[in-house]
Amino acid sequence: MMSKPAPDRGTPPADASARSVALAVLRSGPVSRAELSRQLGLSTASLTRLTRPMLTSGLLIERRAELISRTGRPSRPLDVDAGHANFLGIKLTGSVAYAVVCDLKGVELARDERPIADPSPAAVVALVNSITESQRIDWPRLAGIGISLGGTVEGRRMVRRAPFLGWRDVALTDALSTEVDLPVSLDNDLRALAQAEHWFGAGRGCRSLLVITVGVGVGAAAVVHDQLLEGRGGLATLVGHWILDPDGPPCRDVDHRGCASAILTSGAIAEQATSGLHRPVSFEQCVGLAVAGDPVAGRVISYAADRLGFLTARLADVFAPERIVITGDGLDYVVAAEDDFRQALQENRSTEADPDDVRIAPGDFFNWARGAASIAIRDYVLTDLPVT
Ligand SMILES: [Zn+2]
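Quick summary incoming for the structure in this document. The structure presented is a predicted model; accordingly, all values stated were derived computationally and were not measured. (Residues numbered from 1 in each chain as written. Predicted model: local features only at pLDDT ≥ 70, side-chain atom pairs only at ≥ 80, totals over all residues. Heavy atoms only, no water.)

Here the focus is the overall build of the chain. Per the secondary structure count, the chain includes 13 helices and 17 strands. Relative to its length of 388 residues, the chain is compact, with a C-alpha radius of gyration of 22 Å against a globular reference of 21 Å. Expressed along its principal axes, the backbone C-alpha trace of the chain runs to roughly 70 × 50 × 40 Å. Taken over 388 residues, the chain has a buried fraction of 50%. Sequence separation of 24 or more characterises 60% of the internal contacts of the chain that already satisfy a separation of 6 or more. (Helix = DSSP H or I, 4+ residues; strand = E, 2+ residues; numbered from the N terminus. Rg over C-alpha atoms; globule rule 2.2 N^0.38 Å. Buried < 20%, exposed > 50% of the residue type's maximum accessible area, 1.4 Å probe, protein only. Contact = heavy atoms within 4.5 Å.)

In structure tokens form, the structure reads like this:
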């Protein structure tokens with residue numbers, strides 16, 4: 001089993017224990033004290049001592065007594081006050097910054113969307129600063145900013161490579177910290193989305209989880225023993241060029257055919273519909289035509305949904321997670337051709353598998369921004385939150 005990350009050097013042990021209590025309540029609340037004691041291996045006395053300052057500060061609240069403990073006394077479950085702090089999450093694409101404000105439980109409260117006219121790091125930093133300043137007027141309890149983007153992020157500080165923005169080796173967190181007087185968190189967009197699904201979304205309560213996204217790109221993330229599997233250089237579960245059909249359409253990036261990127265992305269679906277219908281057809285139009293009964297568009301989305309089922313089955317058999325979440329900004333075809341997806345999943349998967357563990361969670365670009373907010377929440381609870 002993987003060990004839990006060690007607390008920061010210099011963090012007093014009482015702080016570390018209190019933080020683990022806050023985190024457990026955030027992830028499982030409302031939760032009884034008995035259940036918390038069991039989860040964390042703490043005595044009731046320790047739990048009472050650790051929760052007292054957080055109840056006083058208003059971070060934790062007691063829900064109405066609804067549960068009766070085994071002793072016959074009413075038990076008041078603990079919960080986090082979601083309004084205690086707010087977080088700004090921003091997902092950067094090559095052309096748009098999608099922003100959401102979330103509460104401490106990852107629930108979206110507001111949205112903002114700004115074009116990225118100039119993708120230079122300095123201009124993007126100025127844009128993030130401007131979004132922050134305008135959201136702060138409505139949300140004075142902003143306690144952190146999370147930024148996510150497609151690409152390679154190292155050590156949560158440095159963007160090594162962001163092809164959509166044309167960036168290489170940009171110290172984004174440092175650059176933002178000189179402009180914005182709030183803690184800044186940074187991560188790869190898929191890892192951030194997996195974090196949101198794991199703590200607040202369709203994977204809440206699961207210790208193992210697989211998240212598969214389709215849209216502009218194809219991605220996968222695995223949570224194993226409650227930890228996101230990163231792999232060397234954060235390259236685990238990189239499925240974009242897995243071959244799903246050796247006779248499929250050619251790949252744009254690599255000299256091969258029928259990979260996940262060439263079949264499952266919004267762009268690939270638009271290309272296949274355009275070639276099949278002999279006129280320009282967008283991804284949205286293709287799904288619309290398929291739903292309206294067009295046989296050519298119907299075949300395009302059935303094929304993609306079938307191959308997504310195959311990919312999901314392969315990953316599911318490797319990780320055997322408690323839950324599988326299919327989401328992303330280009331999910332409409334999976335919803336429209338769900339039968340094809342589910343049939344391929346079942347045909348290609350271990351017969352021992354639980355057929356009900358897959359959730360299709362419709363999303364859009366703001367879901368990615370919610371992922372970005374969730375990494376700000378994570379860093380707040382694990383590092384910045386006053387707990388003692
Ligand atoms: Zn490829």
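Turning our eyes to something else, we now look at the coordination of the zinc ion. The protein atoms donating to the zinc ion are H241 (ND1), C251 (SG), H256 (NE2) and C259 (SG), with metal-donor distances spanning 2.0 to 2.4 Å. Taken together, the 4 donor atoms surrounding the zinc ion define angles of 105 to 120° at the centre, an arrangement classified as tetrahedral. When the donors of the zinc ion are listed by position in the chain, the intervening gaps give H-x9-C-x4-H-x2-C. Taken together, the positions of H241 in the loop between β15 (227–228) and α7 (260–264) and C251 in the loop between β15 and α7 put the pair 10 residues apart, joining distant regions of the chain. By relative accessible area, C251 is classed as buried at 13%. (Donors = N, O, S within 2.8 Å, 3.2 Å for Na, K, Ca; no water. Tetrahedral: all angles 85-135°; square planar, octahedral: opposite > 155°, others 65-115°.)

Counting 40 residues, the largest nonpolar core has L264, L308, I326, Y333 and F341 as the members making the most contacts within it. Among the elements that take part in this core, helix α10 (residues 295–319) stands out by supplying 11 residues, more than any other. Once residues lying within four places of it in the same chain are set aside, the contact partners of L308 are I212, V214, L264, I326, Y333, V334 and F341. (Core = buried A, V, L, I, M, F, W, Y, C linked by side-chain atoms within 4.5 Å.)

For the rest of this paragraph, the subject is the pairing of strand β13 (residues 209–214). Of all the 6 residues making up β13, 6 are buried; the element is thus mostly covered by neighbouring parts of the structure. Residues L209, V211 and T213 line one face of β13 and the alternating positions L210, I212 and V214 line the opposite face, and both faces are buried. The sheet contact formed by β13 and strand β14 (residues 218–224) spans 6 bridges and is antiparallel. Each bridged residue has a counterpart across the sheet, and for I212 the counterpart in β14 is A220. Bridge analysis of β13 against strand β16 (residues 323–327) gives 5 bridges, and the strand direction is parallel. The residue bridging I212 from the neighbouring strand is I326, located in β16. (Pairing = 2+ DSSP bridges.)

Taken in spatial order, the 3 strands line up as β9-β10-β11 in an open sheet, and their pairing is antiparallel. Edge positions in the sheet fall to β9 (152–154) and β11 (167–170), since each of these pairs with one other strand and no more. Neighbour to neighbour, the strand axes of the sheet diverge by 15° on average, direction disregarded. The sheet contact formed by strand β10 (residues 158–162) and β11 spans 3 bridges and is antiparallel. By the bridge assignment, V159 is partnered in β11 with V170. (Axes fitted to C-alpha atoms, helices over the stretch in contact; angles between N-to-C directions.)

Evaluated as defined, the whole model comprises 25 salt bridges. D79 serves as the salt-bridge partner of K105, at 2.9 Å between the closest nitrogen and oxygen. Of this pair, K105 sits in the loop between β6 (96–103) and β7 (108–115) while D79 sits in strand β4 (residues 78–80), and the two are 26 residues apart along the sequence. Close ionic contact of R307 with D306 constitutes a salt bridge, the shortest N to O distance being 2.8 Å. A relative accessible area of 15% places R307 in the buried class. Under the relative-accessibility criterion, D306 is labelled partly exposed at 25%. A single salt-bridge network, built from bridges that share partners, covers D187, R191, E230, R378 and D379. (Salt bridge = Lys/Arg side-chain N within 4 Å of Asp/Glu carboxyl O.)

Read these as layout, nothing more, since geometry by itself doesn't imply function.
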